[in-house]
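Analysis of the macromolecular model
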Amino acid sequence: MTALPPDRLERVEAWGRATGVMSWVYRPSTVDGVREVFALARARGLTVGLRGAGQSYGDASLNAEQVCLDLSRTDRILDWDPAHGVIRVEPGVTVRRLWQYVIEDGWWPAVVPGTMWVTLGGAAAMNIHGKNNWKVGPLGDHIVEFELLLPSGEVVRASREQNPELFHAAIGGFGMLGCFVSLTLRLKRIHSGLLNVEPLAAGSLEEVMALFEERMPRADYLVGWIDCFARGAALGRGLVHQANYLEPGADPEPERTLRVEHQELPDTFFGLLPKSLMWRCMRPVVNRPGMRLVNALKYHVGRREHGQRFRQSHAAFAFLLDYIPNWKLAYGPGGLIQYQSFVPAARAAEVFRGQLTLAHERRIVPFLGVFKRHRPDDFLMTHAVDGYSLALDFQVTEAKRERLWALAADFDRLVIDAGGRFYFAKDSTLAAERYAPFLAEDRTQRFLALKRQCDPEELLQTNLYRRLFAGAATSARRVSSSARIAASTS
């Protein structure tokens with residue numbers, strides 16, 4: 001193998017900063033440029049990992065000592081139909097660029113994550129979900145069609161009518177079948193730049209879930225925040241925020257509220273303190289005692305605001321993770337991981353109570369918990385269930401890293417026993433032996449069969465793929481080869 005140019009060698013980090021690798025990084029801006037990177041890697045005996053904005057918490061876009069194909073420069077808007085709300089984009093277009101482009105025409109992305117800095121190619125590869133997942137499904141439900149560049153250099157178009165199996169596998173396929181080169185999405189018509197928001201307090205996990213079940217029929221968005229430090233009868237207490245679109249005519253100034261500048265998050269707190277400095281101010285309290293106090297204060301302030309309705313811009317409600325730039329730096333040099341599991345509704349309270357109880361017993365309490373409601377979808381590698389998810393943010397330090405990974409392993413067993421699922425955009429800790437029940441599923445075997453068709457050389461790989469799928473893919477190839485041999489000799 002001939003070495004690649006040393007000036008291409010860079011350190012590439014997971015978003016949570018708990019993991020980083022060295023890779024040869026290429027940033028093409030055209031489809032032909034992507035083809036050239038594929039050809040170069042193949043000629044040098046290297047694999048290629050796709051990366052958008054690098055917003056995955058774990059190793060989903062890391063490819064240690066191999067090629068990292070950064071698609072952030074493929075960021076053109078290719079076509080926009082403001083009459084019908086259909087847009088065609090390159091994969092490097094961010095959610096931020098998308099909403100800024102369409103909002104003044106009265107449209108908003110149907111599904112957005114908690115940050116606007118995700119690329120749409122990465123969002124499709126992970127099939128992201130939002131605070132309205134139980135109602136409108138994941139991003140993939142709003143993708144009309146896409147063009148996928150296979151490692152061979154061929155571009156394939158897929159939709160629900162054309163190549164439907166590939167359509168339902170590449171969306172949520174974490175970049176292992178090919179590289180999106182265009183995506184066509186259908187957006188949501190809005191009549192105001194504002195949402196009606198109602199905060200609600202709940203004294204336990206069961207009360208949080210009861211609020212969700214009660215509010216789901218009449219809410220457009222629901223999201224819960226969990227005070228993970230609460231114990232006993234208050235275990236899982238938290239705040240729920242419901243948001244609803246405004247009907248036509250309800251906003252007296254839609255032309256003003258739909259302007260981009262009305263949606264932009266402010267750069268300062270109270271017009272004085274630059275938000276770019278806030279992570280430094282947070283640093284002294286990002287520890288167990290400090291975060292226990294912060295969580296308690298947040299809950300008690302939220303109780304006083306229970307039922308006090310107000311209006312908030314779409315961006316302010318949707319992108320809570322963007323309020324404080326670089327807030328992840330407050331977690332210190334070890335960074336953070338997020339453990340997010342999806343559990344059927346009938347077992348969710350039991351599993352999430354079990355997770356929080358174990359965290360307290362091991363003295364590794366998550367600093368943040370986020371709660372959402374979900375529904376199943378038709379995508380092959382889906383993480384969704386008819387139930388709930390709980391996302392838990394853990395600070396990583398050298399002293400407790402091993403204990404934290406062991407805690408995550410015990411969480412995995414609770415989730416798997418309850419028929420739950422996992423989300424690759426967040427995962428850092430899942431091991432192949434615990435993922436084995438999912439590797440045996442028909443849907444996973446169908447996905448690996450498509451991988452063999454689309455990428456027979458396994459040019460596309462990441463650390464996550466090797467961590468969870470490499471053994472299963474090898475076994476699947478052996479089975480396929482044996483079947484061919486048997487067929488040829490019969």
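In this text the structure is predicted, and so the values were computed from the model without any measurement.

**Observations concerning empty space enclosed by the protein**
Under the definition given, this model contains six cavities of 30 Å³ or more. Estimates place the volume of the largest cavity at around 150 Å³. For the largest cavity, the lining is made up of 18 residues, of which M381, T382, H383, F422 and F424 are closest to its centre. Looking at the lining of the largest cavity, the elements that each hand over two or more residues are α3 (120-126), β21 (421-422), α14 (432-439) and α15 (442-454). Broken down by class, the residue content of the lining of the largest cavity amounts to ten nonpolar, five polar and three charged. Counting the residues that make up the lining of the largest cavity, at least three belong to each of domain 2 (77-189) and domain 3 (194-435).

**Some points on the pairing of strand β1 (residues 9-13)**
Relative to strand β2 (residues 20-26), β1 runs antiparallel, the two sharing five bridges. Residue pairing in the sheet places L9 in a bridge with W24 of β2. Linking two consecutive strands that pair antiparallel, namely β1 and β2, is a turn of six residues; a positive phi of about 70 degrees is found at R17 within it.

**Points about the packing of helix α12 (residues 345-361) against helix α13 (residues 401-417)**
Where α12 meets α13, the axes come as close as 10 Å, and the angle between the chain directions of the two elements is 165 degrees. Here α12 is positioned roughly antiparallel relative to α13, judged by the angle of their axes. Both α12 and α13 take part in a crossing whose hand is right-handed. Across the interface between the two elements, R347, V351, G354, Q355, L358 and A359 from α12 touch L407, D410, F411, L414, V415 and D417 from α13. Considering only residue class, the contact of α12 with α13 consists of seven nonpolar, two polar and three charged.

**Quick notes on the pairing of strand β6 (residues 86-89)**
Of the two faces of β6, the one lined by I87 and V89 is fully buried and the one lined by V86 and R88 carries no buried residue. As paired elements, strand β5 (residues 77-81) and β6 share four bridges and run antiparallel to each other. When the bridges of β6 are listed, D79 appears paired with R88. Counted between consecutive antiparallel strands, the loop separating β5 from β6 contains four residues, among which G85 sits at a positive phi close to 70 degrees. Alignment of β6 against strand β10 (residues 179-186), held across four bridges, turns out to be antiparallel. When the sheet's bridge partners are listed, R88 is paired in β10 with T184.

**Here we look at the sheet that holds strand β19 (residues 368-373)**
Strand order in the open sheet made by the eight strands is β17-β12-β14-β13-β19-β20-β18-β21, with antiparallel pairing throughout. Whereas interior strands pair on both sides, the edge strands pair on one side only; in this sheet they are β17 (310-313) and β21. Pairing between strand β13 (residues 221-226) and strand β14 (residues 238-245): six bridges, direction antiparallel. Considered in β14, the bridge of V223 is made with H241.

**What about the layout of surface pockets?**
Its volume calculated, the second largest pocket comes out at about 410 Å³. If you trace the second largest pocket, you find 20 residues lining it, with W117, D322, Y323, I324 and P325 closest to the centre. Per-class residue counts for the lining of the second largest pocket are ten nonpolar, four polar and six charged. Residue-level mapping places the lining of the second largest pocket at the junction of two domains, with at least three residues from each of domain 2 (77-189) and domain 3 (194-435).

**Some points on unusual backbone geometry**
Notably, R17 is not glycine yet its phi reads approximately 70 degrees, a positive angle. Mapping R17 onto the fold places it in the loop between β1 and β2. For N163, which is not glycine, the phi dihedral falls at a positive 50 degrees. Along the polypeptide, N163 turns up in the loop between β9 (155-159) and α5 (164-170).

**Considerations on the domain arrangement of the protein chain**
A common way to report how large an interface is uses the accessible area buried once the components associate. According to the domain assignment, the protein chain contains domain 1 (6-71 + 460-489), domain 2 (77-189) and domain 3 (194-435). For domain 1 versus domain 2, the separation of C-alpha centres amounts to 21 Å. Taken together, the contact pairs 18 residues of domain 1 with 19 residues of domain 2. Here domain 1 and domain 2 share an interface that buries about 1500 Å² over both sides, 74% of which is from carbon and sulfur atoms. If you look at where domain 1 meets domain 2, you find zero salt bridges. Linking domain 1 to domain 2 there are two residue pairs in polar contact (both at pLDDT 80 or more).

What counts as what
Residues numbered from 1 in each chain as written. Predicted model: local features only at pLDDT ≥ 70, side-chain atom pairs only at ≥ 80, totals over all residues. Heavy atoms only, no water. 1 Å grid on protein atoms, 1.4 Å probe; cavity = no way out; pocket = protein on both sides within 12 Å on 5 of 7 lines; lining within 4 Å. Points joined across faces, edges and corners; volume = space filled by probe spheres on them. Helix = DSSP H or I, 4+ residues; strand = E, 2+ residues; numbered from the N terminus. Nonpolar A, V, L, I, M, F, W, Y, C, P; charged D, E, K, R; others polar. Domains from an automatic or database assignment. Pairing = 2+ DSSP bridges. Axes fitted to C-alpha atoms, helices over the stretch in contact; angles between N-to-C directions. Parallel < 35°, antiparallel > 145°, perpendicular 65-115°, else oblique. Left-handed = near helix turned anticlockwise from the far one by under 90°. Contact = heavy atoms within 4.5 Å. Buried < 20%, exposed > 50% of the residue type's maximum accessible area, 1.4 Å probe, protein only. Buried area = accessible area lost by both parts, 1.4 Å probe. Salt bridge = Lys/Arg side-chain N within 4 Å of Asp/Glu carboxyl O. Polar contact = N/O pair within 3.5 Å; in protein donor to acceptor, adjacent residues only side chain to side chain.

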